[in-house]
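Listed below are the residues making up each chain.
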Amino acid sequence: MRTQNRASDMFPYLRSPGQRFNLQLLQEAAYRELVQHLDRIEGSTIIVLDEAMIGPFELVTKPKFFADRGIRLVALKPDLVFPKDIKNIVYVLRPRVSLMDQLVGHVKAYGQVGGRQFHILFAPRRSCLCVNQLQNKGVIGSFGRIDELSWSFLPLDADVVTMELPNAYRDVSIDGDTSSLYQVAIGLVQLQRLYGRIPKIYGKGVQAQRVWDQAKHLGMEEKSLYNGDKGAIDQLILLDRGIDLLSPLATQLTYEGLIDEFYGIRQNKLNLPADLFSSDKTAEGRRPEEHLLETSEKKTILMHSGEQLYAELRNKNFNEVTKLLARKAREIHTQMHATSQDKTVQEIKSFVENVLPQLMAQKKSTSEHTTIAGLIHEQVNNTTFSDDLAAEQEFMVCADIDKPSAYIEDKIASKADLRNVMRLICLQCAAASGLKDKLLNHYKREVAQVYGLEVLLTFSNLEMAGLLHPQTDSRAYAVLRKTLHLTVEDNVEVDPKDISYVHSFYAPLTARLVELSLKPLGWQTLKSQINNLHGPTFEDFQAQLIGIGGRNAGSTVSEGSLLHVPRVVLVCFVGGCTFAEIAALRFLADQEDNNVEFLIATTKIINKNTFLDSLMST
Amino acid sequence: MPIMYNTGEWFKVRPDYYRKVELATPDWPLDLDLEYMQVAAAPYGGPLAAIRDPTKLVPVKGTARPMVRIFDTTGRETGHILWNHGKLIAMGWSDTEELICVQENAKVFVFDMFGKEKELYSIGDEASVTKIVEAKVFQSSAGTGVAVMTTSGRIFLKQNSSKTERKLPDIPNSSINCSCWEIVTEGRNSYCLLGREREVIKLFPGETVGTITANLFEKPHDRIIKISVSYNHQHLALYTNTGLLWLGSVDMRQKYSEFDTGRKDMPLQMEWIMNSDNSEADAVVISYPSYLLIVNRNADRSDFPYDPIMFLVAEMDGVRIITQSSHEMIQRLPKCVENIFAVNSQEPASYLFEAQKKFEEKSYKSDEYLSMCRDRIDLAVTECIEAASFEFCTETQKSLLRTANFGKAFIFGHNPDEYMRIMRILRVLNTLRHERIAMPLTFKQFSHLNPEVILSRLVFRKHYAVAIQVAKHLNLPESWILEHWAYHKVMNDPNDGEVARKITEKFKNPTVEGISFCNIAEKAHQAGRDDLAIKLLELEPRASLHVPLLLKMRKFDRAVASATQSGDTELVTKVLLEMKMHMMLSNLHMTIRDHPLALNMYKKIMRESNRAGLYGIYNTEDDQKAIAEYHFNNAIENKDLESNLSVIGNAYTQARCTVEAELCADTSRLFKLQKTLSAKYNASLNGLSVHDTIEQLLLMGELKEAEKIRNDYKVPDRRFWWLRILTLAEQQKWDELEKFSKSKKSPIGYEPFVEVCLKPGNAREARKYIPRCRENRKVLWFTRANYFEEAIDCAFEQRDLHSLYELQKKENIVNDGNLLAKTCSCISLLETRK
């Protein structure tokens, strides 16, 4: 029991005060599962982590957990060396057949030591293909336990859970491998197991519907879920990434979104070259204990809601951030120098003991963020950035949307970065709700003539992924832009009144759908408005199962009567979401009129670069 | 009216009361005469087996072949076994209600209570060769064991069917004249007690020789003829040919009493009566033909005339007596019952009982009785509840519980749990005692066996409905009972549709939890009824459960269908791997092609393991685009695009991907051209894109060749201009660039000119082109080229306040006093004009 308490105490940021759900529970559950598996293995142990599993591990464990148990962690590499006295080698892997060769190599090289055993924990599913492969190679006999670590959603922040599956959208749309959808369904059941039955479900999109069908089916096997009262979550909104491909392609203009696009935030951490930061860091500048594995000369900055200043800045439009930082610096300055005025020794003492350390910490984080903001500022002021942004925004307002874009043509002609060119073409396609055959062929010819014939394969991938497609009659985006006010004319970036600030004047469709569904009869009204979007619009109710626990039947009245308590809405993005979308939802939650708390679930946090990279790779 | 509350059946064996309780009267078949039978009865009101006693002369009826007949306690025949094996020596019942029959050649047959053979084993070769004369079935620590005595006087002992037999030590001196023996279990071991003449010999396994105890009796006798061990293996009773009875502890160190029965005839059976309220035993019951004798430790006796033939069954809390016409149980009267019903009882429970009776009669005396037990009323209530649990008569149960209920009202804060519990269990017991079920259990036996065992016994007897009701009543899981019922249906009902219908009907009830159609389907499959199995599997909602069974039955099409429907990709993969092992590839393709998910997963497996296989699928599917890309990917991997281009192009053409096909053809042509050009200009142009080829040519100054390619490949003007500008700028040919800009009106405007000049930082060149840019972009370009003065002017001309504000913030302007002043004045001018 005590170890468990400690386990969640290490992740204080997963619970924010006054929030109706507590993601520490999720962290504990995941951690407990891992410990249970490890407890079944006796003797000295070393854990070998698949690179793709390092992230998930960092979300729910700390190096200390393993140090306490005397377990070493190493990353999976073909040429690993295992010390002689290690009895158990536990691999924690994503189920990928390609990894098996490395395992086979290890077994052949180090399996001869007496009493040594190899084990595998597949996350999230035990893969029979992989096991099959080990069988074919004749090494299965060296493996003791082959289990699964059924981690689906893992807590990223106090209001975000993620599956850390960067290729979820690609796998489904291009390869037709729907494993991730099934995993989301399992994840939704797991969440309900922890937080109780979700009574209302809304959703949009083909894959969203699929996920819900499967989750419902899986849930039916757990009757206990439906016997109790409703849980902490009041509503689920399932959104298929496929209904809104414009938002993930657009440049995010929030602080967090920009950092992610330029430098990449991994599991709440940002790694930047250490020499960018001023040198006051001597002792505690780096926090090596935050890393499960080594790091080189990098400075790691924590990026989650537990960091006070960052929590304040992350969701703001970048134009507001510089101002906020300046103000912050002034505040700290005045507070620091307040001491020099006449004060008693007692007062100074209490200042030094209580206030000063806090101030120093604030000063440190302010300086860190000033540095980061400075870096971003440079990037943003780059001419290509602003030209790209301008072109992007032209598309968003549907200007000259059906003609070949001169900007794109110029980009191609000057052989600019292919990913960015493809992104702009996809953006145009999304905004125009498809490209005319002639136009698409024109782009294909242009791009192929400049970048080589191989880009045809890239085009093919993007076509399969639905990012490029022939024009439909409905013109969904153009219509919705008007009806749902996706672009706002009198935009304000500082102290905004509308979610559109996250892209300067464009409100992500997904976030707008959630916003509108919050209104009374919102979903009913929306239903007719969004039927031009591809995929079904659905809703469902999970009533309490009457018959067994007859006693509880009376208590459902409470659902309606507690109006002043904020609703908890689980917004689940099937195929990933961006920081801008999260920022928009957080903005909505901050508006008191809405009286709502969001729990955001996603397969992975994506941005325009990572999204396209996953789709363009072969 | 019978004497009140069956107290007439009480009798005293000083100092205790005993009683006979009448159980359901058995109704034996007409052709069964117990007098000529050997009978073995199972404890806990279990079944009994009878076979003709070969030592008795019988009027022959029917076949002469011996037959073992099995009955329940009410005399209904549940099964029979035609005995066509060797000579049957002994029968007995195991603790799981199996009939154990021991044959002369030391073979042991095990049957269930319906006469179905379940198991066959042997007690070793030695016993088998020497033949056995006697056998005993006994309860060991490891289950039900069998002990045999061979013709040579050796005793072998097997603790259960799976353990190896043990040979007990030699009998000291001689093995003849042994008159009786019994098996005693002590802790983990079982040993034998043997009566020979006046001695008792203890044969303990592992010891080399038996130990002899003699001189137990004081009075004269010739030999011990009967040994009896109590149910709990703690007490021993010995009986001599002179009618002497010795009672003592099983280790023979303690002697309770010696008693002269005064009878000279042979006793039939002798059993200890276990007490019902503790696990002690005070008395033995001895049966003689037509006579029953009860003797206790204090050497007091009580006797009854009885039927000519009777069988005693020792229970954990009494002894049952089965005769031709009755079925009774003798037990020591529980203290609580005595307290209530004894004449002149002064116990509070007795007063409470009276008080309740008077209360019902609306008599004022109720209060008087109540006041007599008021101070100990909680004890009274507890005793009434306890007493009810010991009663067999439902009327007595009712009045006792009514009394308890009445008494409860006078106790503040009484906890009714025990009352409720007893009432629940009594209802179950009464049901079990009903002649339809015929399991006369006492409360103690019920608690000892525990309800789960009782339920499984009911299920085994196929009393499914009662079992379910009992389970419901006791809040125990009931779905497994239904499952057994379903097994039974599967095994015995030949109509597939009917069975499936009946089973679903019962299973769809939402209160049935955790029931699996798969287990039943599996049974059906084992019984060779695959059609039924499939019908049942269709009802199982969890694909992860029914798919493996479908695979086992080789119903691949169904397995694929339901695996894909579940969405569980891992399950789909499992099915595909299985199919790959058992099916022809072409059949496999045909089976999965209607299931997109299966097809996709199969492609994914092939992509990782067998690329050629992938091609096969694309071919079957006639997916030409995929074929094109397949070749394309292969070509890239092998770094040999050129020779594959025609194949790729063809596939694209067939897939109606016109642009792709065209581009392939273009590239193919280009490759050829590049070869000649490379040779001609001694440069390496091979493999470059159209764009790059032109660029290279331009850099080499081969404008004509470049123009030619441009025309051949329909490179748009825009891009060609870009190329020209870029190459010129790269080569820093600023003059030529300027010339070029004036050669024709630029199709891409003049901003690119500015841009290429600014890239290497040549603002001066850039300056030349800015005036020719679009009006609204001029300010921007001036700014980017750091011509702030011009930028400000230009913005002012265009009355572009917004740009001016932006300019005002620029670092360079802020730092330059003049510019800042100019900007500010422009802004203020424009602002006033507004």
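Just so it is clear, the structure is predicted and the values come from calculations on it, not from any experiment.

Student: Where do I start with the overall build of chain B in this structure?
Tutor: Scanning chain B from N- to C-terminus turns up 34 helices and 29 strands. Taken over the C-alpha trace, chain B has a radius of gyration of 51 Å; the compact-globule value for 834 residues is 28 Å, which it surpasses by more than 25%. Principal-axis analysis of the C-alpha atoms gives chain B an extent of 150 × 75 × 55 Å. Counting across all 834 residues of chain B, residues that qualify as buried make up 51%. For chain B, contacts bridging at least 24 residues in sequence account for 47% of all contacts bridging at least 6. About 39300 Å² of surface is accessible on chain B, with carbon and sulfur atoms providing 49% of the total.

Student: Just to check I follow, could you spell out the overall build of chain A for this structure?
Tutor: Scanning chain A for helices and strands turns up 26 helices and 15 strands. Looking at chain A as a whole, 57% of its 618 residues are labelled buried. Pairs at least 24 residues apart make up 81% of the contacts formed inside chain A by residues separated by at least 6 positions.

Student: What's the story with the interface of chain A and chain B in this structure? I'm lost.
Tutor: Many analyses report the size of an interface as the accessible area lost when the parts associate. Taken residue by residue, the interface counts 44 residues in chain A and 48 residues in chain B. Buried area between chain A and chain B, summed over both chains or domains, comes out near 4100 Å², and the portion from carbon and sulfur atoms is 55%. It is Gln449, Leu453 and Leu457 of chain A that lose the most area in chain A upon contact with chain B, and together they represent 17% of the buried surface on that side. Run the count over chain A and chain B and you get 10 salt bridges.

Student: Help me understand the sheet that holds strand β15 (residues 178–186) of chain B, please; the structure alone is not making it clear to me.
Tutor: Backbone-to-backbone hydrogen bonds join strands into a sheet, with any given pair of strands oriented parallel or antiparallel. All names here are of chain B. The strand order across the open sheet built from 4 strands is β15-β16-β17-β18, with neighbouring strands paired in antiparallel fashion. Every other strand in the sheet has two partners, leaving β15 and β18 (211–213) as the edge strands with one partner each. Each adjacent strand pair in this sheet contributes to an overall mean axis angle of 25°, direction not counted.

Student: Is there a simple way to think about the domain arrangement of chain A in this case?
Tutor: Residues and elements named next belong to chain A. The assigned domain composition of chain A is domain 1 (3–150), domain 2 (160–249 + 479–545 + 559–616), domain 3 (255–279 + 304–381) and domain 4 (384–432 + 435–471). For domain 2 and domain 4, the distance between their C-alpha centroids amounts to 28 Å. Every contact between the two is made by 20 residues of domain 2 and, on the other side, 19 residues of domain 4. In total, about 1800 Å² of surface goes out of reach between domain 2 and domain 4, with carbon and sulfur atoms giving 70% of it. Along the contact surface separating domain 2 from domain 4 lie 1 salt bridge.

Student: Any chance you could explain the pairing of strand β19 (residues 224–229) of chain B here in plain terms?
Tutor: Across a regular strand the side chains alternate sides, sitting on one face of the sheet and then on the other. Residue and element names in this part refer to chain B. With 5 of 6 residues buried, β19 lies mostly within the body of the structure. Sheet topology note: the β19/strand β20 (residues 235–240) ladder contains 5 bridges and is antiparallel. Its bridge partner being in β20, Ile227 is matched across the sheet by Leu238. Counted between consecutive antiparallel strands, the loop separating β19 from β20 contains 5 residues, among which His233 sits at a positive phi close to 60°.

Student: Could you clarify how one ought to interpret the pairing of strand β28 (residues 318–323) of chain B in this entry?
Tutor: Residues and elements named next belong to chain B. In terms of burial, β28 is a largely internal element, 6 of the 6 residues being buried. Side chains of β28 alternate between two faces, with Gly318, Arg320 and Ile322 and Val319, Ile321 and Thr323 buried alike. When strand β27 (residues 310–315) meets β28, the two strands line up antiparallel, connected through 6 bridges. Considered in β28, the bridge of Glu315 is made with Gly318. Relative to strand β29 (residues 327–332), β28 runs antiparallel, the two being bridged by 4 bridges. Bridge pairing in β29 links Arg320 to Met329.

Student: Help me understand the packing of helix α18 (residues 418–431) of chain A against helix α19 (residues 437–451) of chain A, please; the structure alone is not making it clear to me.
Tutor: When two helices pack together, their arrangement is given by the angle between their axes and by how far apart the axes lie. Residues and elements named next belong to chain A. Across the interface, α18 lies against α19 with an axial gap of 12 Å and an inter-helix angle of 180°. It follows from the interaxial angle that α18 and α19 lie roughly antiparallel. Between α18 and α19, the contacting residues are Leu418, Val421, Ile425 and Gln428 on the first element and Leu439, Tyr443, Val447 and Tyr451 on the second. Residue composition of the contact of α18 with α19, grouped by class: 7 nonpolar, 1 polar and no charged.

Student: What's the story with the side chain of Glu695 of chain B in this structure? I'm lost.
Tutor: Here Glu695 of chain B shows up in helix α24 (residues 690–699). The side chain of Glu695 of chain B sits in the buried core without any salt bridge; Lys415 of chain A is the nearest counter-charge, 5.7 Å away. Setting aside anything within four residues of it in sequence, one finds Glu695 of chain B in contact with Leu723, Thr727 and Glu730 of chain B.

Student: I'm lost on the environment of Val113 of chain A in this one. Help?
Tutor: All names here are of chain A. Of note, Val113 is situated in the loop between α5 (100–110) and β4 (117–122). Under the relative-accessibility criterion, Val113 is labelled partly exposed at 25%. The sequence separation of Val113 and Lys363 amounts to 250 residues, and the corresponding C-alpha distance is 54 Å.

Student: How should the environment of Ile176 of chain B be read in this particular structure?
Tutor: Residue and element names in this part refer to chain B. The topology assignment puts Ile176 in the loop between β14 (166–167) and β15. Taking relative accessible area as the criterion, Ile176 reaches 54% and is therefore assigned exposed. With 20 residues separating them in the primary sequence, Ile176 and Phe156 have C-alpha atoms 17 Å apart.

Student: What am I meant to see in the packing of aromatic side chains here?
Tutor: Aromatic ring pairs are described here by two measures, namely the spacing of the ring centres and the angle between the planes. All names here are of chain B. With the rule as written, the count across this model stands at 35 aromatic pairs over all chains. Measuring from centroid to centroid gives 6.3 Å for Phe109 and Phe111, while their planes differ by 15°, and the two rings are stacked. Relative accessible area serves as the criterion here: at 2%, Phe111 is assigned to the buried category. The rings of Trp721, Phe740, Tyr750, Phe753 and Tyr769 are connected pair by pair, giving a single aromatic cluster. Sitting above the plane of the Phe740 ring, Arg724 keeps its charged end 4.6 Å from the centroid.

Student: Explain the sheet that holds strand β23 (residues 269–274) of chain B to me, please; I cannot follow it from the model alone.
Tutor: All names here are of chain B. With respect to topology, 4 strands assemble into an open sheet ordered β23-β24-β25-β26, the strand pairing being antiparallel. Bordering the open sheet on either side are β23 and β26 (301–305), each of which pairs with just one other strand. Going from strand to strand, the sheet's axes swing by 20° on average, the running direction of each strand aside. Sheet topology places strand β24 (residues 281–288) next to strand β25 (residues 291–296); 6 bridges connect them, and they run antiparallel. Each residue of the ladder has a partner; that of Val284, found in β25, is Val295.

Student: Would you mind showing me how to read the pattern of salt bridges here?
Tutor: Between side chains of opposite charge, pairing is possible as soon as their charged atoms come close. For the coordinates displayed, the defined rule picks out 83 salt bridges over all chains. Glu738 of chain B is the salt-bridge partner of Lys768 of chain B, the closest N and O atoms lying 3.0 Å from each other. Of this pair, Lys768 of chain B sits in helix α29 (residues 763–769) while Glu738 of chain B sits in helix α27 (residues 734–743), and the two are 30 residues apart along the sequence. Residue classification places Lys768 of chain B among the partly exposed residues on the basis of a relative accessible area of 35%. Residues joined by salt bridges that share partners form a network here, namely Asp157, Asp159, Glu256, Arg314 and Arg586 of chain A.

Student: So what exactly am I meant to see when it comes to the nonpolar core here?
Tutor: Considering soluble globular proteins, one finds that nonpolar side chains tend to be buried as a cluster. Ranked by internal contacts, the top residues of the largest apolar core, which has 315 residues, are Tyr91 and Leu467 of chain A. Considering each element in turn, this core owes the most residues, 9 residues, to helix α8 (residues 179–195) of chain A. The next biggest cluster of nonpolar side chains, apart from the first, holds 38 residues, and it includes Trp722, Leu758, Val779 and Leu801 of chain B.

Student: What should I look at first to understand the state of the cysteines in this one?
Tutor: Here a disulfide denotes one covalent bond, and it connects the sulfur atoms of two cysteines. One pass over the full model with this rule turns up 0 disulfides over all chains. Cysteine Cys398 of chain A is unpaired, with the sulfur of Cys429 of chain A as its nearest cysteine sulfur at 12 Å.

The rules behind the values
- Residues numbered from 1 in each chain as written.
- Chains lettered and ligands numbered in written order.
- Predicted model: local features only at pLDDT ≥ 70, side-chain atom pairs only at ≥ 80, totals over all residues.
- Heavy atoms only, no water.
- Helix = DSSP H or I, 4+ residues; strand = E, 2+ residues; numbered from the N terminus.
- Rg over C-alpha atoms; globule rule 2.2 N^0.38 Å.
- Buried < 20%, exposed > 50% of the residue type's maximum accessible area, 1.4 Å probe, protein only.
- Contact = heavy atoms within 4.5 Å.
- Areas by Shrake-Rupley, 256 points an atom, 1.4 Å probe, with all protein chains shown as cover.
- Buried area = accessible area lost by both parts, 1.4 Å probe.
- Salt bridge = Lys/Arg side-chain N within 4 Å of Asp/Glu carboxyl O.
- Pairing = 2+ DSSP bridges.
- Axes fitted to C-alpha atoms, helices over the stretch in contact; angles between N-to-C directions.
- Domains from an automatic or database assignment.
- Parallel < 35°, antiparallel > 145°, perpendicular 65-115°, else oblique.
- Nonpolar A, V, L, I, M, F, W, Y, C, P; charged D, E, K, R; others polar.
- Lys, Arg positive; Asp, Glu negative; His and termini not counted.
- Phe/Tyr/Trp six-rings, centres within 6.5 Å; stacked < 30°, edge-to-face > 60°.
- Lys NZ or Arg CZ within 6 Å of the ring centre and 35° of its normal.
- Core = buried A, V, L, I, M, F, W, Y, C linked by side-chain atoms within 4.5 Å.
- Disulfide = S-S within 2.5 Å.

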